[in-house]
Amino acid sequence: MKKSVAASEKPVKAKEFDKELFKRSVEYNVRTLYRKNLEEADAQQIFQAVSYAIKDRIVENWMETQKAYEKEDPKMVYYMSMEFLMGRALGNNLINLKAYKPVAEALEELGLDLNLIEDQEPDAALGNGGLGRLAACFLDSLATLGYPAYGCGIRYRYGMFKQEIRDGYQVEVPDNWLMNGNPFELRRPEYAKIVKFGGYVSVHTDENGRNVFTQEGYQSVKAIPFDFPIVGYGNGIVNTLRIWDAEPVECFQLDSFDKGDYQKAVEQENLARNIVEVLYPNDNHYAGKELRLKQQYFFISASVQEAVEKYMRKHDDIHKFYEKVTFQLNDTHPTVAIAELMRVLMDDYYLTWEEAWEITTKTCAYTNHTIMAEALEKWPIELFSRLLPRIYQIVEEINRRFVLDIQQKYSNVPGVDVQEKIRKMAIIYDGQVKMANMAIVSGYSVNGVARLHTEILEKQELKDFYEMFPERFNNKTNGITQRRFLLHANPLLADWVTAHVGDDWITDLPQISRLKVYADDKKAQQEFMNIKYQNKVRLAKYILEHNGIEVDPRSIFDVQVKRLHEYKRQLLNILHVMHLYNELKEHPELDFYPRTFIFGAKAAAGYRNAKLTIKLINSVADVVNNDPAINGKIKVVFIENYNVSNAEIIFAAADVSEQISTASKEASGTGNMKFMLNGALTLGTMDGANVEIVEEVGEENAFIFGLSAQEVINYENHGGYDPMEIFNNDQDVRKVLMQLINGTFAPGDPELFRPLYNSLLNTQCTAKADTYFILKDFKSYAEAQKRVEAAYRDEDNWAKSAILNVACSGKFTSDRTIQQYVDEIWHLDKVVLK
Ligand code: GL9
């Protein structure tokens with residue numbers, strides 16, 4: 001058993017940080033953990049020792065917080081999510097304990113560099129992208145605002161894969177993040193739960209004439225929770241992220257052989273081993289895998305059981321459950337929670353359907369994160385009912401009653417085709433269980449994640465539901481935590497902001513608008529650009545170390561980092577780079593401002609066009625970066641393994657933020673907000689939260705281009721558009737498209753990029769061409785890029801716009817988002833520690 005020593009016996013507020021005590025506890029931990037002194041310990045061991053010392057401080061506050069919750073018995077939100085993209089914990093915990101600088105100093109006195117120690121920590125990458133990182137930002141804000149909350153998720157043994165680039169191709173490497181142990185987590189076997197899969201349901205009538213349902217012949221798995229502390233900023237609050245690990249229910253029993261249960265014992269053990277093995281690496285895409293549904297039910301059943309048991313430890317009337325508990329379902333991934341709560345209430349607490357339904361519908365709320373059709377979760381009945389027989393019965397009954405409601409409501413309404421309504425809205429239809437429909441029908445709130453996205457839900461995607469339940473629909477524009485993405489990620493800018501407007505922005509981001517008065521101030525502009533320059537030097541160093549490419553920090557850093565997806569249109573970006581390269585080659589005399597195009601993106605392992613786009617970016621980079629004729633004026637860099645920790649370095653260094661999704665497709669985006677907060681100017685379409693970003697900062701401080709969401713939707717409703725027309729009429733487009741298939745960037749294999757070419761143009765295939773309107777928006781994008789260059793040449797004005805971006809980012813703090821969830825959906829009270 002690992003032992004460690006606290007820096008202090010009693011809880012120490014951050015201000016009273018005792019340096020000497022801290023140093024001693026680090027030395028002590030190295031000794032007891034590794035039988036070494038500081039000089040002998042390696043970097044990883046030092047990281048562990050420092051983390052245990054910090055954890056001991058956190059634990060004091062954690063206990064106090066939980067005691068206060070115990071005493072005050074406030075309403076709690078359970079944020080149910082398949083993904084929590086936490087990134088590293090040490091630096092963030094120090095920031096939120098307000099102990100970052102003192103700890104850095106103390107370590108320096110020991111001859112240690114906190115930055116290097118932080119680099120020893122693997123990212124907790126239990127998420128794919130925006131949706132998972134949003135969950136992490138929300139936990140930070142909940143703790144900082146003092147709201148009682150649990151995050152509920154899965155402790156995947158392997159998180160998001162590590163990306164290596166070999167010969168320009170993405171190679172996926174397993175992410176064994178728990179390899180060295182995780183100093184911040186706490187195993188809580190005393191809260192283990194049993195989760196049952198398969199078998200059949202038997203019904204019998206009990207002595208009171210009630211039907212009792214029991215699942216029999218099932219396989220079970222033991223769910224063991226691991227708790228992570230979520231430290232609030234400077235308020236002593238520590239909430240809990242509870243993620244579930246799986247273990248076999250019983251180890252091999254010798255008598256299994258005798259009973260003929262050997263086979264079952266093996267199967268149960270395999271189930272436990274497989275279920276939490278790995279995070280599915282799909283973003284905005286549903287693959288329909290059986291194991292994925294098992295993962296969903298596994299963590300939901302455990303979390304719902306725990307929520308009910310915890311409630312019943314303090315209360316005797318289960319009917320009032322919703323007064324103390326609310327479940328926020330992060331997309332449809334956790335929606336089996338609805339049926340699971342119904343099951344527990346009816347089967348374990350003997351409530352009637354009506355009683356259970358009232359509680360469930362007042363407990364569950366659903367967030368929609370995408371309108372991408374391929375992301376919609378639909379489970380074949382065969383699979384769903386085989387894996388979750390009792391849950392399936394309940395879903396069937398929810399559906400039966402809902403279809404009756406539809407018939408009742410619309411049968412006598414002239415002009416309404418009831419069958420058509422049922423086809424679109426039923427939870428079970430055409431042999432499938434539709435999870436979004438269940439989430440909408442069975443909860444009290446449905447929210448989108450940016451204003452435009454919510455409007456599209458109400459007017460198009462979920463129109464029928466909106467008509468039936470208008471009061472359930474609401475918008476919660478996403479946000480990000482400024483503690484991680486400015487205070488920790490960009491200390492130079494953070495200090496500069498604080499020097500000018502004080503440090504209120506750390507917990508009240510709209511205060512950062514006081515910077516506006518400095519936007520025109522020449523000295524402030526220079527200081528700002530100087531900080532940006534230093535951050536670009538830091539990123540250039542990272543790129544040199546990790547990619548072996550030299551980039552000039554005086555060039556414009558034009559950055560697109562996000563998951564690789566056709567709708568996000570990295571292809572548009574790289575086609576434009578090819579076009580610029582062509583221009584420079586044809587007109588070497590062109591007065592061209594040097595530009596570094598930086599990409600970072602992971603592609604889902606089975607997503608062909610996405611992976612080929614990565615290869616194209618790297619192939620273009622090879623040619624462009626090594627062509628002496630263009631004199632280093634364009635550099636293209638693909639940053640390997642884009643993740644939360646290198647993102648922090650990247651945002652801080654960006655001049656231009658590429659947010660170029662096909663309008664209507666990006667529900668919100670959150671990277672766009674992180675760039676803005678760090679003073680990058682948005683080059684983007686009117687999509688997702690870009691709309692609101694531009695509204696805050698003013699269109700003159702951004703570069704907007706392309707079709708509007710409504711225009712895209714109109715084309716889509718009329719069968720798309722004809723890209724051939726553009727190909728035939730636009731010389732620039734024709735040239736770059738030909739280069740995809742003539743070997744310019746793939747000398748040995750001219751056909752290499754044919755699939756990308758076909759995706760844009762091929763109308764012979766049955767598949768539609770250019771469904772993401774890349775060629776349609778190309779010209780408008782190229783013009784916007786020209787405006788970027790012209791604007792950057794006017795350095796004072798650029799600095800002014802950049803400062804205004806920082807100053808106008810106040811709306812996009814996740815503190816605001818969470819406050820809106822609290823006020824309009826959850827209705828929680830703050831807990832303040834004395
Ligand atoms: C996403 C949207 O695509 C983003 O636009 C949005 O900002 C985030 C958070 O609301 O949600 N929806 C979605 O399925 N993903 C998103 O990032 N993908 C995953 O991360 C799984």
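Residues numbered from 1 in each chain as written. Predicted model: local features only at pLDDT ≥ 70, side-chain atom pairs only at ≥ 80, totals over all residues. Heavy atoms only, no water.

A.B. asks: Help me get a handle on the overall build of the chain, residues and values and all.
C.D. replies: Helix and strand counts for the chain come out as 33 helices and 25 strands. In terms of overall size, the chain behaves like a compact globule, its C-alpha atoms giving a radius of gyration of 28 Å where 834 residues would be expected to give roughly 28 Å. Taking the principal axes of its C-alpha atoms as reference, the chain extends roughly 95 × 75 × 55 Å. The buried share among the 834 residues of the chain stands at 61%. Restricting to contacts in the chain with at least 6 residues of sequence separation, those with at least 24 account for 77%. Summed over its atoms, the accessible surface of the chain is roughly 32600 Å², and 49% of this surface lies on carbon and sulfur atoms. Seen as two clouds, the 98 positive and the 120 negative side-chain charges of the chain have centres 2 Å apart. (Helix = DSSP H or I, 4+ residues; strand = E, 2+ residues; numbered from the N terminus. Rg over C-alpha atoms; globule rule 2.2 N^0.38 Å. Buried < 20%, exposed > 50% of the residue type's maximum accessible area, 1.4 Å probe, protein only. Contact = heavy atoms within 4.5 Å. Areas by Shrake-Rupley, 256 points an atom, 1.4 Å probe, with all protein chains shown as cover. Lys, Arg positive; Asp, Glu negative; His and termini not counted. Charge placed at Lys NZ, Arg CZ, Asp CG, Glu CD.)

A.B. asks: Could you give me a rundown of the UniProt feature "modified residue: N6-(pyridoxal phosphate)lysine" (unreviewed entry) in the chain, with the residues and numbers involved?
C.D. replies: Look at the UniProt record and you will see "modified residue: N6-(pyridoxal phosphate)lysine" (unreviewed entry) annotated at Lys674. Secondary-structure assignment places Lys674 in helix α25 (residues 671-677). Given a relative accessible area of 6%, Lys674 falls into the buried group. (UniProt positions renumbered as here; feature names shortened; annotations may be inferred.)

A.B. asks: Tell me what's going on with the environment of Asp42, and back it up with residues and numbers.
C.D. replies: Along the chain, Asp42 turns up in the loop between α1 (19-34) and α2 (43-72). The partly exposed category is assigned to Asp42, whose relative accessible area is 40%. Within the structure, Asp42 has its side chain in polar contact with the backbone nitrogen of Gln44 (distance 3.1 Å). Among the polar contacts made by the side chain of Asp42, one reaches the main-chain amide nitrogen of Gln45 at a distance of 2.8 Å. (Polar contact = N/O pair within 3.5 Å; in protein donor to acceptor, adjacent residues only side chain to side chain.)

A.B. asks: Please give an account of the site of the ligand that cites residues and values.
C.D. replies: The full set close to the ligand counts 16 residues, and Asn284, His369, Asn478, Glu666 and Gly669 are the nearest of them. Asp283 is positioned such that a nitrogen or oxygen atom in its side chain is 2.9 Å from an oxygen atom of the ligand. Contact distances for the ligand include 2.8 Å between an oxygen atom and a backbone N or O atom of Gly669. Each residue belonging to the shell around the ligand can be placed in one class, and the counts come to 5 nonpolar, 8 polar and 3 charged. Built from parts of two domains, the shell around the ligand gets at least three residues from each of domain 1 (73-88 + 123-443) and domain 2 (482-717 + 775-819). (Near = heavy atom within 4 Å. Nonpolar A, V, L, I, M, F, W, Y, C, P; charged D, E, K, R; others polar. Domains from an automatic or database assignment.)

A.B. asks: I'd like a description of the sheet that holds strand β17 (residues 432-434), backed by residues and values.
C.D. replies: With respect to topology, 3 strands assemble into an open sheet ordered β15-β17-β16, the strand pairing being antiparallel. The outermost strands of the open sheet, each flanked by one partner alone, are β15 (378-380) and β16 (428-429). With 2 bridges joining them, β16 and β17 adopt antiparallel strand pairing. Considered in β17, the bridge of Ile428 is made with Val433. (Pairing = 2+ DSSP bridges.)

A.B. asks: Can you explain the domain arrangement of the chain? Please cite residues and give values.
C.D. replies: For the chain, the assigned domains read domain 1 (73-88 + 123-443) and domain 2 (482-717 + 775-819). Relative placement of domain 1 and domain 2: their C-alpha centres are 36 Å apart. In total, domain 1 and domain 2 occlude about 3100 Å² of area from one another, counting both sides; carbon and sulfur atoms represent 56% of this. In terms of surface lost to domain 2, no three residues of domain 1 exceed Arg133, Gln163 and Tyr233, which account for 18% of the buried area on that side. Across the domain 1-domain 2 interface, the total number found is 3 salt bridges. (Buried area = accessible area lost by both parts, 1.4 Å probe. Salt bridge = Lys/Arg side-chain N within 4 Å of Asp/Glu carboxyl O.)

A.B. asks: Could you give an account of the sheet that holds strand β22 (residues 634-638), naming the residues involved and the relevant values?
C.D. replies: If you trace the 6 strands from one edge of the open sheet to the other, you get β22-β21-β20-β23-β24-β25, paired in parallel fashion. One side of each edge strand has no neighbouring strand; the edge strands of this open sheet are β22 and β25 (703-704). Strand direction decides the pairing type here: strand β23 (residues 656-659) and strand β24 (residues 681-684), joined by 4 bridges, are parallel. Considered in β24, the bridge of Val656 is made with Leu681.

A.B. asks: Any chance you could break down empty space enclosed by the protein for me, citing the residues and the numbers?
C.D. replies: Within this structure, the stated rule accounts for 7 cavities of 30 Å³ or more. Its volume calculated, the second largest cavity comes out at about 350 Å³. In terms of lining residues, the second largest cavity is bounded by 26 residues, among which Met86, Gly87, Arg88, Ala89 and Arg484 are the most central. When residues in the lining of the second largest cavity are grouped by element, the largest group, 4 residues, is from strand β11 (residues 219-231). Across the lining of the second largest cavity, the residue classes break down as 14 nonpolar, 7 polar and 5 charged. (1 Å grid on protein atoms, 1.4 Å probe; cavity = no way out; pocket = protein on both sides within 12 Å on 5 of 7 lines; lining within 4 Å. Points joined across faces, edges and corners; volume = space filled by probe spheres on them.)

A.B. asks: So, the nonpolar core: which residues are in play, and what are the values?
C.D. replies: Judged by nonpolar contacts, the single largest core of 285 residues is most densely connected at Phe298, Phe327, Phe384, Ile634 and Leu740. Domain assignment of the residues forming this core places at least three in each of domain 1 (73-88 + 123-443) and domain 2 (482-717 + 775-819). The residues touching Ile634, leaving out its near neighbours within four places in the chain, are Val577, Leu580, Tyr581, Leu584, Phe592, Arg595, Phe597, Val624 and Asn625. (Core = buried A, V, L, I, M, F, W, Y, C linked by side-chain atoms within 4.5 Å.)

A.B. asks: Please provide a residue-by-residue account of the layout of surface pockets, values included.
C.D. replies: Approximately 720 Å³ is the volume found for the second largest pocket. In this structure, the second largest pocket is lined by 30 residues; those nearest its centre are Ile371, Ala373, Leu376, Glu461 and Leu462. For the lining of the second largest pocket, the secondary-structure elements that each account for two or more residues are α15 (418-425), β17, α16 (435-441), α17 (451-461), α18 (463-468) and α27 (709-717). No other element matches α17, which puts 4 residues into the lining of the second largest pocket. By residue class, the composition of the lining of the second largest pocket is 13 nonpolar, 7 polar and 10 charged. Each of domain 1 (73-88 + 123-443) and domain 2 (482-717 + 775-819) gives at least three residues to the lining of the second largest pocket.

A.B. asks: I'd love a proper account of helix α20 (residues 491-501), names of residues and values included.
C.D. replies: Considered for burial, the residues of α20 that qualify are Leu493, Ala494, Trp496, Val497 and Val501. Buried residues of α20 fall within an arc of 165 degrees about the axis and therefore sit on the same side. Among the structural elements, α19 (482-488), α21 (522-547), α25 and α32 (795-807) are those in contact with the buried residues of α20. Two residues or fewer after α20 comes Gly502, characterised by a positive phi angle close to 80 degrees. (Arc of directions from axis to C-beta.)

A.B. asks: Quick one: what's the story with the pairing of strand β21 (residues 595-600), residue by residue and with numbers?
C.D. replies: Here β21 lies mainly inside the structure; 6 of its 6 residues are buried. Here β21 shows no split at all, with Arg595, Phe597 and Phe599 on one side and Thr596, Ile598 and Gly600 on the other all buried. Relative to β21, strand β20 (residues 556-561) runs parallel, the two sharing 6 bridges. Its bridge partner being in β21, Val559 is matched across the sheet by Ile598. Taken together, β20, helix α22 (residues 570-586) and β21 constitute a β-α-β crossover, and its handedness is right-handed. Considered for its hand, the β-α-β crossover made up of β21, helix α23 (residues 608-625) and β22 is right-handed. (Right-handed = clockwise from strand over helix to strand, strands pointing away.)

A.B. asks: Go over the pattern of salt bridges, please, and point to the residues and values.
C.D. replies: Following the criterion strictly, the structure yields 61 salt bridges and no others. Notably, a salt bridge pairs Asp245 with Arg157, separated by 2.8 Å at the nearest N-O pair. Of this pair, Asp245 sits in strand β12 (residues 238-248) while Arg157 sits in the loop between β4 (149-154) and β5 (162-166), and the two are 88 residues apart along the sequence. Here Glu527 and Lys523 are joined by a salt bridge, their closest N and O atoms 3.1 Å apart. Of this pair, Glu527 and Lys523 both sit in helix α21, 4 residues apart, roughly one helical turn. By relative accessible area, Glu527 is classed as partly exposed at 24%. Here Lys523 falls in the exposed class, since its relative accessible area comes to 59%.

A.B. asks: Help me get a handle on the side chain of Ser814, residues and values and all.
C.D. replies: The topology assignment puts Ser814 in helix α33 (residues 814-826). Judged by relative accessible area, which is 0%, Ser814 ranks as buried.

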